[in-house]
Amino acid sequence: MITRQPPRILPANEGAATSLTHAGRGPGFAEGIVNPPVWRASTILFDNLAALDAAIASPDKGLYYGRRGTPTQWALEDALTGMEPGAAGTKLFASGVAAIATALLAVVKTGDHVLVTDSAYEPTRLFADQMLKKFGVETSYFDPTIAAGIEALIRPNTAAILLESPGSLSFEIQDVPAITTIARAGNIVTILDNTWATPLRLQPLALGCDISIQALTKYIGGHSDLMMGSATATQALWPHLKTASYRLGHTVSADDASLALRGLRTLSLRLDRQEASGLSVARWLEAHPAVDRVWHPALPSHPGHAIWQRDFTGATGLFSFVLKQGRRADTAALIDDLAHFGIGFSWGGYESLALPVDLPSVRSVTTTPVPGPIIRLSIGLEDPADLIADLDAGLARYSAQFTA
Ligand SMILES: *Cc1c(COP(=O)(O)O)cnc(C)c1O
């Protein structure tokens, strides 16, 4: 009978890349096979009434029912828990949005108030504005750079603060410790969407957050063929997260968990490459005459650069840049004929993407007046020189529209 052991806690003296090779490979999950096999299951059979009753008494101890997972899902959960010091457990979800929605539902009740960063991923805002509202939970938004100023926005009924750093599309860096210190003093739960950084670049629980979320769809999957989310919680919040997840019936397939585990094994390698290539492209763009500014927290010109340097251990490959002139419709000349950048949602795959961004439509309390359109780039694993040559030709096509 397979029993579930506590996840491996990563030794402090071990490098992240080394840890990723060990993560989630719990004893008994694979019978000596390197990777846990894809254990598909709904029904788990018990030998007799005594075994059934023992399982009912401790359903988390081993195999129980398919919705509670098999060693394939457990391996992924344990790997993600093991990557974050201070974590007690991880739940998996069918998407990043499901992880965010469930984490919020786990900590709020009717009559509560939540504070959400104005730079949050748009579907996070829609969940708060539409679903939480329906259940009598009020949401207000705050400037992502507010830091300790958040104290003035806290109400007696504020139950949770949702952070995301860097912010979606505009990449503001938040002062996470300043916010979590104030939240802890007021018994307010903090949830951070860590999809951009992954635990290899930012460790939210170590900075005082209670729940850290990832859209595994992005860098963990890494190959644009997987939808999944995760929420990792501290000891105090873990029972709440786990219960909310069970009550809402969340589960992921063993096949998908196996795919995510495969992505995890190369995460360090991919992020190092995407970080380096992204910085090459970002620096090149910053010096280009058609570009007004580049929103990349690892550039010294970024307003949040000092905080990014303090809290993060590196960057990844997603950032935006602003053009000096033109309108959104004009960006067709830039992006339509790029050879190495696809046009599409999501990011974090091995292939590069370029996406025009409409910022004002997804912000309510902050405005960043910029002269021209905004383009978000997800830098993949291509040779950076090819990406730069591609963008160079694209920017020449773009600029030619205004000189004719
Ligand atoms: C993509 C994304 C999500 C949602 O992930 P899905 O798996 O697409 O639901 C959440 N947060 C951020 C920051 C994202 O970029």
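Reading the values: the criteria
- Counting restarts for each chain, with residues numbered from 1 along the sequence as it is written.
- Whole-chain, interface and lining totals are the exception, using all residues; otherwise, since this is a predicted model, local features are given only for residues with pLDDT of at least 70 and side-chain atom pairs are given and counted only at 80 or more.
- Side-chain descriptors were evaluated using all non-hydrogen atoms of the structure, hydrogens and water having been removed beforehand.
- A run of H or I in DSSP becomes a helix once it reaches four residues, and a run of E becomes a strand once it reaches two; helices and strands are each numbered from the N terminus.
- Based on C-alpha atoms, the radius of gyration is set beside the globule rule, defined as 2.2 Å times the residue count to the power 0.38.
- Per-residue accessibility, obtained with a 1.4 Å probe over protein chains only, is compared with the maximum for each type, and a residue is labelled buried under 20%, exposed over 50%, and partly exposed between these values.
- By definition, residues are in contact when any of their heavy atoms lie within 4.5 Å.
- Each accessible area is a Shrake-Rupley result for a 1.4 Å probe, and residues are judged covered by the shown protein chains and nothing else.
- The positive count covers Lys and Arg only, the negative count covers Asp and Glu only, and His and the chain ends enter neither.
- Charge coordinates come from a single atom per side chain, which is NZ of Lys, CZ of Arg, CG of Asp or CD of Glu.
- Pairing between two strands is assigned when DSSP locates at least 2 bridges connecting them.
- Orientation is described by axes fitted as lines to C-alpha atoms, over the contacting stretch for helices, and by angles from 0 to 180 degrees between their N-to-C directions.
- By convention the crossing between two helices is left-handed if the near helix lies anticlockwise of the far one by an angle smaller than a right angle, and right-handed if it lies clockwise.
- Polarity classes work like this: nonpolar for Ala, Val, Leu, Ile, Met, Phe, Trp, Tyr, Cys and Pro, charged for Asp, Glu, Lys and Arg, and polar for all others, with Gly in that last group.
- UniProt positions are given in the numbering used here, feature names are shortened, and annotations may be inferred rather than shown by experiment.
- Only heavy atoms are used to decide nearness, and a residue is near a molecule or strand if one of them lies within 4 Å of it.
- Pairs of N or O atoms are called polar contacts if they sit within 3.5 Å, as long as, within protein, a hydrogen donor faces a hydrogen acceptor (for residues adjacent in sequence, only side-chain-to-side-chain pairs).
- With a 1 Å grid spanning the protein atoms alone, the term cavity applies to any set of points in which a 1.4 Å probe fits but cannot get out, the term pocket to an open set with protein on both sides within 12 Å along at least five of seven lines, and the term lining residue to any residue with an atom within 4 Å of a point.
- Each molecule is checked against the cavity or pocket grid, and it sits inside if more than half of its atoms lie within 2 Å of the grid points.
- Should a side-chain nitrogen of Lys or Arg be within 4 Å of a carboxyl oxygen of Asp or Glu, the pair is scored as a salt bridge.
- Throughout, nonpolar core names a set of buried Ala, Val, Leu, Ile, Met, Phe, Trp, Tyr and Cys residues whose side chains join them through atoms within 4.5 Å.
- For each domain, the first and last residues come from an automatic or database assignment.
- Note on definitions: buried area is the accessible-area loss of two parts on being combined, 1.4 Å probe, summed for both.

Visitor: Quick one: what's the story with the overall build of the chain, residue by residue and with numbers?
Guide: Looking only at helices and strands, one finds 13 helices and 12 strands in the chain. Taking 2.2 N^0.38 as the reference for a compact globule, 404 residues should give roughly 22 Å; the C-alpha atoms of the chain span a radius of gyration of 22 Å, in line with that estimate. Considered along the principal axes of its C-alpha atoms, the chain spans approximately 85 × 50 × 40 Å. Expressed as a percentage of the 404 residues in the chain, the buried residues total 54%. Partitioning the contacts of the chain with sequence separation of at least 6, the portion at a separation of at least 24 is 75%. On the chain, roughly 17100 Å² of surface is accessible, and the fraction owed to carbon and sulfur atoms is 56%. Of the side chains in the chain, 31 bear a positive and 38 a negative charge, and the two mean positions are spaced by 5 Å.

Visitor: A description of the sheet that holds strand S6 (residues 211-215) should follow, citing residues and the corresponding values.
Guide: The 7 strands lie next to each other as S1-S7-S6-S5-S4-S2-S3, forming an open sheet whose pairing is mixed. With one partner strand each, in any of the chains shown, strand S1 (89-93) and strand S3 (138-142) form the two edges of the open sheet. The average angle at which neighbouring strand axes cross in this sheet is 20°, direction not considered. The pairing of strand S2 (residues 113-117) with strand S4 (residues 158-164) spans 4 bridges and is parallel. Its bridge partner lying in S4, Val 116 is registered against Leu 162. Its contacts with the sheet place helix H4 (residues 96-107) against S1, S4, strand S5 (189-193), S6 and strand S7 (229-233), and it is angled at close to 160° to S6. Sitting on the sheet, helix H6 (residues 176-185) touches S3, S4 and S5, and the angle it makes with S4 is about 170°.

Visitor: Kindly report on the packing of helix H3 (residues 71-82) against helix H9 (residues 254-265), identifying the contributing residues and their values.
Guide: With their axes 8 Å apart at the nearest point, H3 and H9 run at an angle of 35° to one another. Along this stretch, H3 crosses H9, giving a crossing that reads as left-handed. Two secondary-structure elements touch here, H3 through Thr 72, Gln 73, Ala 75, Leu 76, Ala 79 and Leu 80 and H9 through Ala 254, Ala 257, Ser 258, Ala 260, Leu 261 and Leu 264. Residue classes in the contact of H3 with H9 are distributed as 9 nonpolar, 3 polar and no charged.

Visitor: Provide a residue-level description of the environment of Val 365, including the pertinent values.
Guide: Along the chain, Val 365 turns up in the loop between strand S11 (352-357) and strand S12 (374-378). Owing to a relative accessible area of 47%, Val 365 belongs among the partly exposed residues under this scheme. For the pair Val 365 and Val 322, spaced 43 residues apart in the sequence, the C-alpha separation amounts to 20 Å. In this view, Val 365 contacts Asp 118, Tyr 141, Phe 142 and Asp 143; residues no more than four positions away in its chain are not counted.

Visitor: Go over the UniProt feature "modified residue: N6-(pyridoxal phosphate)lysine" (unreviewed entry) in the chain with me, naming the residues and quoting the values.
Guide: The feature "modified residue: N6-(pyridoxal phosphate)lysine" (unreviewed entry), as annotated in UniProt, sits at Lys 218 in this numbering. Note that Lys 218 resides in the loop between S6 and S7. Residue class for Lys 218 comes out buried when judged on its relative accessible area of 9%. Setting aside residues no more than four positions away along its own chain, Lys 218 makes contact with Thr 195, Ser 346, Trp 347 and Gly 348.

Visitor: Describe in detail the site of the ligand, supporting the description with residues and values.
Guide: For the ligand, the set of nearby residues contains 15 residues, the closest of which are Gly 96, Val 97, Asp 193, Thr 217 and Lys 218. Taking Gly 96, its main chain carries an N or O atom lying 2.8 Å from an oxygen atom of the ligand. In this structure, an oxygen atom belonging to the ligand sits 3.1 Å away from a side-chain N or O atom of Trp 347. Surface burial for the ligand is 93%, taken as the share of its 380 Å² of free accessible area covered by protein chains. Assessed atom by atom at 2 Å from the grid points, the ligand resides in the largest pocket. For the shell around the ligand, the residue count by class is 7 nonpolar, 5 polar and 3 charged.

Visitor: Lay out the pattern of salt bridges in plain terms, naming residues and giving numbers.
Guide: All told, the structure shown has 15 salt bridges when counted by the stated rule. The closest approach of N and O atoms between Asp 60 and Lys 242, which form a salt bridge, is 2.8 Å. In this pair, Asp 60 sits in the loop between helix H2 (49-57) and H3 while Lys 242 sits in helix H8 (residues 238-247), placing the two residues 182 residues apart along the sequence. A salt bridge links Arg 310 to Asp 311, with the nearest nitrogen and oxygen atoms 2.8 Å apart. Each of Arg 4, Glu 77 and Asp 78 takes part in one network of salt bridges that share partners.

Visitor: Just give me the short version of the nonpolar core, but keep the residues and values in it.
Guide: Counting residues in hydrophobic clusters, the biggest one holds 83 residues, and the most contacted among them are Leu 76, Phe 321 and Leu 377. Broken down by element, the residue count for this core peaks at 6 residues, all from helix H10 (residues 267-286). The two domains that each donate at least three residues to this core are domain 1 (71-265) and domain 2 (267-400). If we ignore the near neighbours within four places in the chain, the residues touching Leu 377 are Val 281, Leu 285, Gly 317, Leu 318, Phe 319, Phe 321, Phe 341, Leu 353, Ala 354 and Leu 391. Ranked by size, the runner-up nonpolar core spans 31 residues in total, among them Ala 120, Val 137, Val 189 and Trp 238.

Visitor: Before we move on, can you summarise the domain arrangement of the chain with the specific residues and values?
Guide: The domains assigned to the chain are domain 1 (71-265) and domain 2 (267-400). Taking only C-alpha atoms into account, the centre of domain 1 sits 25 Å from that of domain 2. Domain 1 puts 41 residues into the contact, and the matching count from domain 2 is 38 residues. Carbon and sulfur atoms make up 59% of the area that domain 1 and domain 2 hide from each other, which totals about 3300 Å². Seen at the junction of domain 1 and domain 2, the total is 3 salt bridges. Across the pair Asp 175 and Arg 310 runs a salt bridge, and its minimum N-O distance is 2.8 Å. Taken together, the links from domain 1 to domain 2 amount to 26 residue pairs in polar contact (both at pLDDT 80 or more).

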